Amino acid sequence: MEKFLITGGNKLKGTVKVGGAKNAALAVMSASVLSNEVCRIKNIPGISDVSLVAKILAEINVKVKMLNKTTIEIDPTRVVQRPVSCDIVRRVRASYYLLGALLGRFSKASVSLPGGCNFGVRPIDQHLKGFARLGANYEIDAGMINVESEKLSGNNVYFDVVSVGATINIILASVKAEGLTVLENAAKEPHVVDLANFLNSMGADIRGAGTDVIKIRGVEYLSGTSYSIIPDQIEAGTYMVAAAATGGDVMVQNVTPKHLEAIKSKLEEMGVTIEEHEESVRVTQDGPLEKCNVKTMPHPGFPTDMQPQISALLSLAQGTSIVNEGVWDNRFRYIEELKRMGANISVDGKIAVIEGVKRLTGTYTKATDLRAGAALVIAGLAASGETTIENIDHIERGYENICQKLLNLGANIKRINEENEPINMAKVL
Ligand code: EPZ
């Protein structure tokens, strides 16, 4: 398995361009199944999760064509309703959006139970509750979720928990259902809004996305569209934190500043200087980092997908910080890896107490999931000495060309193989 080898201590300097949002792209690709015509999607990130979803779509005869590095064309005109159970489904959690999309199109869907990052229990009870409210019956049998309805009808759906996935899945299932569906206590993440805008560009009638009440009036027909995905707020936030961790000066381009407000506010609380421009933010850090407390919450709160990254930064701040994981039950597994690098952190359930240390020291580490891996990259960039990170496939699920982007910012980072020999980047790109 390939690894990253990072020699820490270089200040990141220069410009990095952020790609399209992973969690928007994965939802929009599945949503294309609802269309009766070809869809063109721009600003698609070049990450492995996108390639995997394309492979899953091929299983139901939905053709995905790369028009260029960031644009795909999806042809759902000959989609077939059949069980989606290839082993890839279990590797990409977002594959469960095909439940909502196929139910919305055929009133029937059968998809393997989802996989994805493992940080505590990841139930789907809110998805199933929503399908039932629209008149569908479901059963879980032999690892498959089977959902079917004579005729989907709009209804009120109140989510007991704010859930990005359930909000998206019920939008997909209701967009062609008869009548009005009202989602309450809905997720407000930027990628939920992006999905609604994508569907509306195809002729759907969705109002209120971005608030906790979303109204979907069913339509008969969804046309093709040409749509551009929003920039990835978490990729942007990750490079902002990396700039701060190395005492650097980085212009993060192709961002939507509004989506970065919670991240920007926390970094400024830590003493980081952030200059906001139309579609970019400049992050400069000079001098000591200040401690601060973080509680992750659904949007517009501080994003849970930035929790590992900000914790790595706080381990270098002066003083004691408290990080409270408000979304997931067990999203601190990576802390053990940070402690191997000299971080002084104690975890009790959903709370981490972080005593800042003067420096981290490089060592052998393992990425336990996508954002945990990003946290180890940040720690390695700031640490003294060499840090090796294994299981980098986790990281490359959500960060396009992270190695090259960091090299361009002056980081000392290499991809190496099992035998610790450098891998020629040209071959990888
Ligand atoms: C999405 O996961 C993201 N994944 C996650 O990002 C992100 O951490 C999460 O939203 C929260 O923002 C994708 O978009 C592909 P949820 P999702 O349903 O939809 C509970 C990354 O790093 N819940 O919003 O699975 C659940 O246990 C990934 O890009 C139920 O109880 O998350 C959790 O505590 C990691 N019942 C909370 O809600 C349900 O039916 C939020 O989960 C569904 C969820």
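Residues numbered from 1 in each chain as written. Predicted model: local features only at pLDDT ≥ 70, side-chain atom pairs only at ≥ 80, totals over all residues. Heavy atoms only, no water.

K.L.:
Please explain the site of the ligand as it appears in this structure.
P.N.:
Around the ligand there are 25 residues in total, and Asp125, Ser163, Val164, Asp305 and Val327 lie nearest to it. Here an oxygen atom of the ligand and a side-chain polar atom of Arg122 are 3.2 Å apart. Coverage of the ligand by the protein chains reaches 92% of its 820 Å² of free accessible surface. When residues of the shell around the ligand are traced back to their parent elements, those giving at least two are α1 (22-31), α4 (125-133), α5 (164-174) and α11 (370-382). The element contributing the most residues to the shell around the ligand is α4, with 3 residues. Split by residue class, the shell around the ligand holds 12 nonpolar, 6 polar and 7 charged. (Near = heavy atom within 4 Å. Polar contact = N/O pair within 3.5 Å; in protein donor to acceptor, adjacent residues only side chain to side chain. Areas by Shrake-Rupley, 256 points an atom, 1.4 Å probe, with all protein chains shown as cover. Helix = DSSP H or I, 4+ residues; strand = E, 2+ residues; numbered from the N terminus. Nonpolar A, V, L, I, M, F, W, Y, C, P; charged D, E, K, R; others polar.)

K.L.:
I'm lost on the pattern of salt bridges in this one. Help?
P.N.:
Where charged atoms from two side chains of opposite charge come close, those side chains can pair. Evaluation of the coordinates by the stated rule reveals 21 salt bridges. A salt bridge links Arg78 to Asp75; the shortest N-O distance between them is 3.5 Å. You can call Asp75 buried: its relative accessible area is 18%. One continuous salt-bridge network, built from bridges that share partners, spans Glu2, Glu396 and Arg415. (Salt bridge = Lys/Arg side-chain N within 4 Å of Asp/Glu carboxyl O. Buried < 20%, exposed > 50% of the residue type's maximum accessible area, 1.4 Å probe, protein only.)

K.L.:
What is the right way to read the packing of α4 against α5 from this model?
P.N.:
Helix-helix packing is characterised by the crossing angle of the two axes and by the distance between the axes. Interhelical geometry of α4 versus α5 gives an angle of 25° and a closest axis separation of 8 Å. For the element pair α4 / α5, the angle class is roughly parallel. Every pair of crossing elements has a handedness; the one defined by α4 and α5 is right-handed. In contact with Gln126, His127, Gly130 and Phe131 of α4, α5 contributes Gly165, Ala166, Asn169, Ile170 and Ala173. Looking at side-chain class alone, the contact of α4 with α5 contains 4 nonpolar, 5 polar and no charged residues. (Axes fitted to C-alpha atoms, helices over the stretch in contact; angles between N-to-C directions. Parallel < 35°, antiparallel > 145°, perpendicular 65-115°, else oblique. Left-handed = near helix turned anticlockwise from the far one by under 90°. Contact = heavy atoms within 4.5 Å.)

K.L.:
How do you make sense of the domain arrangement of the protein chain when you look at a structure like this?
P.N.:
It is common to report an interface's size as the accessible area lost on association of the parts. Partitioning the protein chain into structural domains gives domain 1 (2-19 + 231-428) and domain 2 (22-228). Of note, the centres of domain 1 and domain 2, computed from C-alpha atoms alone, are 30 Å apart. Across the boundary between the two partners, domain 1 contributes 25 residues, which contact 21 residues of domain 2. Interface area, domain 1 with domain 2, both sides summed: about 1,900 Å², of which 51% is carbon and sulfur. Of all residues in domain 1, His299, Trp328 and Arg397 bury the most surface against domain 2, accounting for 35% of the area lost on that side. Across the domain 1-domain 2 interface, the total number found is 1 salt bridge. (Domains from an automatic or database assignment. Buried area = accessible area lost by both parts, 1.4 Å probe.)

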